[in-house]
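Summary of the model geometry
Below, each chain spelled out in residue letters.
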Amino acid sequence: AGMVTIFHLETYRPVLRSAILIALLGYGSFIASLLFDLGLPWHIYIPIIHWQHHSVMFEIAWCVMLYFSVLNLEFSPVILEHPWFQNAIFRSIGRVLHWLTIPIVIAGIVLSTLHQSSLGSLFLIMPFRVHPLWYSPLIPVLFFASAIGLGLMALVLEQFVAAWLFQRELRIDSLS
């Protein structure tokens, strides 16, 4: 979204919606699995009420919650294009979202960068969990770089699967 919206690289526009959808589905499944991983899913609200501003997990929880909200805002214009949502209220919501596109994309970039690097920071505060060969003070940067690579790989894989399933032409130019 940042490449198309902020840097105006229009060659990536054909895969923009797919990228946002992949991120939305990925973070949605992460949140759903986190509910099971907590053991007490009704405690998911705890970071909202009990602020632990010195905790890395607190920062990760807030970034994931806010980024998932931003992803919903980024993807909502696609939903509002459906014929069910053609009355005046939904069109005005669509115009407001179009007007707020750049701040929403910037918020998404900031929040995803923060929480990916914070996931790496978890290993900085627990060096005994990482083999000494792999431990480095650059782990937050490496986590962020690996997230970029994984996101691009997921987008390419999704484009291949969608082209195969829907018998469409693969956009090799934008994927390469």
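Residues numbered from 1 in each chain as written. Predicted model: local features only at pLDDT ≥ 70, side-chain atom pairs only at ≥ 80, totals over all residues. Heavy atoms only, no water.

1. Some details on the side chain of S136
Within the secondary structure, S136 sits in the loop between α6 (101-125) and α7 (139-165). Polar contacts involving the side chain of S136 include one to the main-chain amide nitrogen of L138, which spans 3.0 Å. (Helix = DSSP H or I, 4+ residues; strand = E, 2+ residues; numbered from the N terminus. Polar contact = N/O pair within 3.5 Å; in protein donor to acceptor, adjacent residues only side chain to side chain.)

2. So, α7
Here α7 spans 38 Å end to end across 27 residues, near enough to the 39 Å set by a 1.5 Å rise per residue. Of all the positions in α7, only I139, P140, L155, Q159, A162 and A163 are classed as buried. Just downstream of α7, Q167 is the residue with a positive phi angle, here 55°. (Expected span 1.5 Å × (residues − 1). Buried < 20%, exposed > 50% of the residue type's maximum accessible area, 1.4 Å probe, protein only.)

3. Points about the layout of surface pockets
By volume, the second largest pocket amounts to about 570 Å³. In this structure, the second largest pocket is lined by 25 residues; those nearest its centre are L16, E74, P77, H98 and T101. At the level of elements, α1 (2-5), α2 (16-38), α4 (56-80), α5 (88-99) and α6 are the ones that each hand at least two residues to the lining of the second largest pocket. The biggest single contributor to the lining of the second largest pocket is α4, with six residues. (1 Å grid on protein atoms, 1.4 Å probe; cavity = no way out; pocket = protein on both sides within 12 Å on 5 of 7 lines; lining within 4 Å. Points joined across faces, edges and corners; volume = space filled by probe spheres on them.)

4. A short note on the packing of aromatic side chains
The final tally for this structure, using the stated rule, is four aromatic pairs. Plain terms: the ring middles of Y27 and Y67 are 4.9 Å apart, the flat faces sit at 85° to each other, and that makes the pair edge-to-face. Of this pair, Y27 sits in helix α2 while Y67 sits in helix α4; the two residues are 40 residues apart in sequence, bridging distant segments of the chain. Grouping residues by exposure puts Y27 and Y67 together as buried. Here F85 and F90 contribute two aromatic rings whose centre-to-centre distance is 4.9 Å and whose plane-to-plane angle is 80°, an arrangement assigned as edge-to-face. (Phe/Tyr/Trp six-rings, centres within 6.5 Å; stacked < 30°, edge-to-face > 60°.)

5. Details of the confidence of the model for the chain
The predicted model of the chain averages 84 in pLDDT, with 99% of residues at 70 or higher. When pLDDT is averaged over each helix and strand of the chain, the minimum, 77, is found for helix α8 (residues 172-175) and the maximum, 88, for α7. (pLDDT = per-residue confidence, 0-100.)

6. With respect to the packing of α6 against α7
Following both chains from N to C, one finds α6 and α7 inclined at 135°, their axes separated by 7 Å at the closest point. Classified by the angle their axes make, α6 and α7 are oblique. Between α6 and α7 lies a crossing of right-handed hand. Residue-level inspection shows T113, Q116, S117, L119, G120, S121, F123 and L124 of α6 in contact with α7, the latter providing I139, P140, F143, F144 and A147. When grouped by side-chain class, the residues that make up the contact of α6 with α7 number eight nonpolar, five polar and no charged. (Axes fitted to C-alpha atoms, helices over the stretch in contact; angles between N-to-C directions. Parallel < 35°, antiparallel > 145°, perpendicular 65-115°, else oblique. Left-handed = near helix turned anticlockwise from the far one by under 90°. Contact = heavy atoms within 4.5 Å. Nonpolar A, V, L, I, M, F, W, Y, C, P; charged D, E, K, R; others polar.)

7. What to know about the pattern of salt bridges
Taken as a whole, this structure holds two salt bridges when the rule is applied. E10 is the partner of R13 in a salt bridge, and the nearest nitrogen-oxygen pair spans 2.6 Å. R13 gets classed as partly exposed once you look at its relative accessible area, which sits at 43%. With its nearest N and O atoms 2.5 Å apart, the salt bridge here joins E81 to R17. Of the two residues, E81 sits in the loop between α4 and α5 while R17 sits in helix α2, which places them 64 residues apart along the sequence. (Salt bridge = Lys/Arg side-chain N within 4 Å of Asp/Glu carboxyl O.)

8. Let's talk about unusual backbone geometry
Of note, H8 is a non-glycine position whose phi angle comes to about 55°, a positive value. One can find H8 in the loop between α1 and α2. The exposed category is assigned to H8, whose relative accessible area is 56%. Non-glycine residue Q167 carries a positive phi angle of around 55°. By the secondary structure assignment, Q167 is in the loop between α7 and α8. We classify Q167 as exposed; its relative accessible area is 68%.

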